[in-house]
Amino acid sequence: MLHSNDLIVNKRYNFASPKITPVKRLYSVLFILAAASISAEAQNRAADSTLHLQQVTVKGYLSEQSMLNVPASVGLLTPDQLKLQPENSLVPAMNTIPGVRMEERSPGSYRLSIRGSLLRSPFGVRDVKVYFDEIPLTDAGGNTYLNAIDFNSVQGVEVLKGPDGSLFGANSGGVVLLSPVNRYDAGNNYVKLGFNGGSYGLIHQDAALQNSTGNNQLNINQAYETAAGYRDHSNMYRSYFQLVDKLKYGNNNSLKFLGLYSDLNYQTPGGLTAAQYAINPRASRLATPTLPSAITNQIAVGTKMTMGGLVNEWHISDRIRNVAAIYGTYVNFLNPFITNYEQRYEGTYGLRTYFEYAGLPQVNYNWKANVGIEWQQTNSSINDYDNNQGVRGNPQTLNKINTNQHFIFARYQADIFKRLHAEAAVSLNYYDYQFQNVYPQVQTSFTPRSFTPQVMPRLALSYHITDNFIWRASVSRGYSTPTTAEIIPSSNIINTSLQAQYGWNYETGFRLRDKDERLLIDAS
């Protein structure tokens, strides 16, 4: 059944003339209907708007636990918080989290930094590990195509700030966990349609369907977005489709299929000098005596990404649980640039699994232990050609790089006297790649490069000084290996001598909430 608040149409338009046309009248009606729907929904939830902060939970550290007790700096975006943000980009929502800086240098081009982790990266998402549910969105080569994901297909975000290699492998900035479905409305059926528009040709359409029947929950999301951008040569479009199908079986077990397809293309206008900016700030990069302009060479980025995986949660007994995920990703990436035309074909496959064992519940002491492994393999063909005004020309360099990254991890947590929460975790990380130049210097075999295995520990404590005042402290180690995009950048310079970087994080902080549970202060 389609209820009155199941059809939500959002509208944002700027009109240059006050003249009322039939189209404007239609948009006005849609706006009124949307406002009435949102208002009715807000009234229904008014009594729940201050619902207990202790019910907010974090799943990032392998098992669900109250955010109040987590001995780490964690940023959360719940479904209700995401609804308050513009629907065409993740940037405004992510920037509401302290310590997170997200940028969009042109429509569709993301940068993501946690506590300054992008100091050596002019663009992209590096040094941060991103997961889509239990599946790594970051490949073995360290690249993350976060801009492939549509905003309305994300139903929750957890950001674990600071290096944490103990459970998630190579990262020096932190970890981002994206939830494709809302776990708070798992039993609801709905159909949602959304449409919004704005300045500079912005149009964003999305649709969602969730159907729960018996032990099966099906969630489908579809979206299309296009924008012209403020500057010349900054058009973008993205077509997106996502499917999540969850089947419950046995004793609270579940098998989940996650799949997505994203077709993203955006133009990059390039840089301007101060004098050029003063003349026309909306201009794209102009030609020089030796190089063509951005428009002449049709500089752009295209990413076609397909991902699919299975996630199984098996409750072996009341005290033993296993989570296992297997997945595969294929990316067709192209980048017509000023000096060349880059095309990459990247295939990734891997698995992640861990066991959880819970001790017998006791009055003043409870504990859990985890042990697991994550393994990834990414095989890439990275080819550079002449750029003949946006058309691929003769080859400049053709390279192959096969990257493997895997680690084993273990974790122990304990709650003592219902006041002290302690966690200890450690991982052993392995990373290597094999490089082959196909053209112009033909290599008949791959050249291997291995990195020294690294131990990544983490120790964390939190203590309830009072029921509403919690102190915490932690120490953790992280590291980041050179990404594939750094080893073989578009400049055709091969950087096989790059080393990994390391870092320690020492942190203390507190959380304070008022007795009415309307306010939570989190400082570190």
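Quick note: structure is the one above.
Note that this is a predicted model, so its numbers are computed, not measured. (Residues numbered from 1 in each chain as written. Predicted model: local features only at pLDDT ≥ 70, side-chain atom pairs only at ≥ 80, totals over all residues. Heavy atoms only, no water.)

1. Regarding the packing of aromatic side chains
Then step 1. The full count for this structure, using the stated rule, is 13 aromatic pairs.
Then step 2. Between phenylalanine 407 and phenylalanine 409, the aromatic rings sit 5.8 Å apart at their centres with planes inclined by 40°, giving tilted as the arrangement. One exposure class covers both phenylalanine 407 and phenylalanine 409, and it is buried.
Then step 3. Above the face of the tyrosine 190 ring, lysine 192 is positioned so that its terminal group lies 4.6 Å from the ring centre.
Then step 4. Over the face of the ring belonging to phenylalanine 333 we find arginine 344, whose NZ or CZ atom lies 3.9 Å from the ring centre. (Phe/Tyr/Trp six-rings, centres within 6.5 Å; stacked < 30°, edge-to-face > 60°. Buried < 20%, exposed > 50% of the residue type's maximum accessible area, 1.4 Å probe, protein only. Lys NZ or Arg CZ within 6 Å of the ring centre and 35° of its normal.)

2. Focus on unusual backbone geometry
Then step 1. Proline 440 follows tyrosine 439 through a cis peptide bond whose omega is 10°.
Then step 2. Note on placement: proline 440 falls in the loop between strand S20 (420-439) and strand S21 (447-450).
Then step 3. Despite not being glycine, glutamine 298 shows a phi value in the positive range, around 50°.
Then step 4. Residue position: glutamine 298 is located in the loop between helix H5 (274-279) and strand S15 (300-315).
Then step 5. Glutamine 298 gets classed as partly exposed once you look at its relative accessible area, which sits at 35%.
Then step 6. One non-glycine residue, glutamine 389, lies in the positive phi region at around 55°. (Helix = DSSP H or I, 4+ residues; strand = E, 2+ residues; numbered from the N terminus.)

3. Brief notes about the pattern of salt bridges
Then step 1. Throughout the structure, instances matching the rule amount to 17 salt bridges.
Then step 2. When the shortest N-O distance is used, the salt bridge between aspartate 522 and arginine 472 registers 3.1 Å. With aspartate 522 in strand S25 (residues 520-523) and arginine 472 in strand S23 (residues 469-480), the pair connects residues that are 50 residues apart, well separated along the chain.
Then step 3. A relative accessible area of 3% places arginine 472 in the buried class.
Then step 4. Taken together, the salt bridges that share partners define one network made up of Asp164, Arg411, Glu423 and Arg458. (Salt bridge = Lys/Arg side-chain N within 4 Å of Asp/Glu carboxyl O.)

4. Observations concerning the sheet that holds strand S3 (residues 74-77)
Then step 1. Taken in spatial order, the five strands line up as S3-S8-S9-S6-S7 in an open sheet, and their pairing is mixed. In this open sheet, the two strands that pair with only one neighbour each are S3 and strand S7 (135-136).
Then step 2. Judged from the six bridges that link them, strand S8 (residues 156-161) and strand S9 (residues 174-179) form a sheet pairing that is antiparallel. Directly across from glycine 156, in S9, lies its bridge partner serine 179. (Pairing = 2+ DSSP bridges.)

5. A short note on the layout of surface pockets
Then step 1. Quantified by volume, the second largest pocket comes out at close to 1,100 Å³.
Then step 2. Together, 43 residues line the second largest pocket, and Lys59, Glu64, Glu134, Lys256 and Glu313 are the ones closest to its centre.
Then step 3. Breaking the lining of the second largest pocket down by element, the ones donating at least two residues are S9, strand S12 (216-227), strand S13 (236-249), strand S14 (253-267), S15, strand S16 (320-336) and strand S17 (341-358).
Then step 4. Residue composition of the lining of the second largest pocket, by class: 15 nonpolar, twelve polar and 16 charged. (1 Å grid on protein atoms, 1.4 Å probe; cavity = no way out; pocket = protein on both sides within 12 Å on 5 of 7 lines; lining within 4 Å. Points joined across faces, edges and corners; volume = space filled by probe spheres on them. Nonpolar A, V, L, I, M, F, W, Y, C, P; charged D, E, K, R; others polar.)

6. Description of empty space enclosed by the protein
Rolling a probe over the atoms, with the probe sized like a water molecule, indicates the empty space that remains.
Then step 1. Across all of its chains, the model carries four cavities of 30 Å³ or more by this definition.
Then step 2. Approximately 130 Å³ is the volume attributed to the largest cavity.
Then step 3. Forming the walls of the largest cavity are 15 residues, and the residues nearest its centre are Leu77, Thr78, Gly156, Arg183 and Tyr184.
Then step 4. Looking at the lining of the largest cavity, the elements with two or more residues in it are S3 and S8.
Then step 5. When residues of the lining of the largest cavity are assigned to their parent elements, the largest contribution, three residues, is made by S8.
Then step 6. Residue composition of the lining of the largest cavity, grouped by class: seven nonpolar, six polar and two charged.
Then step 7. Computed from the structure, the second largest cavity encloses a volume of approximately 110 Å³.

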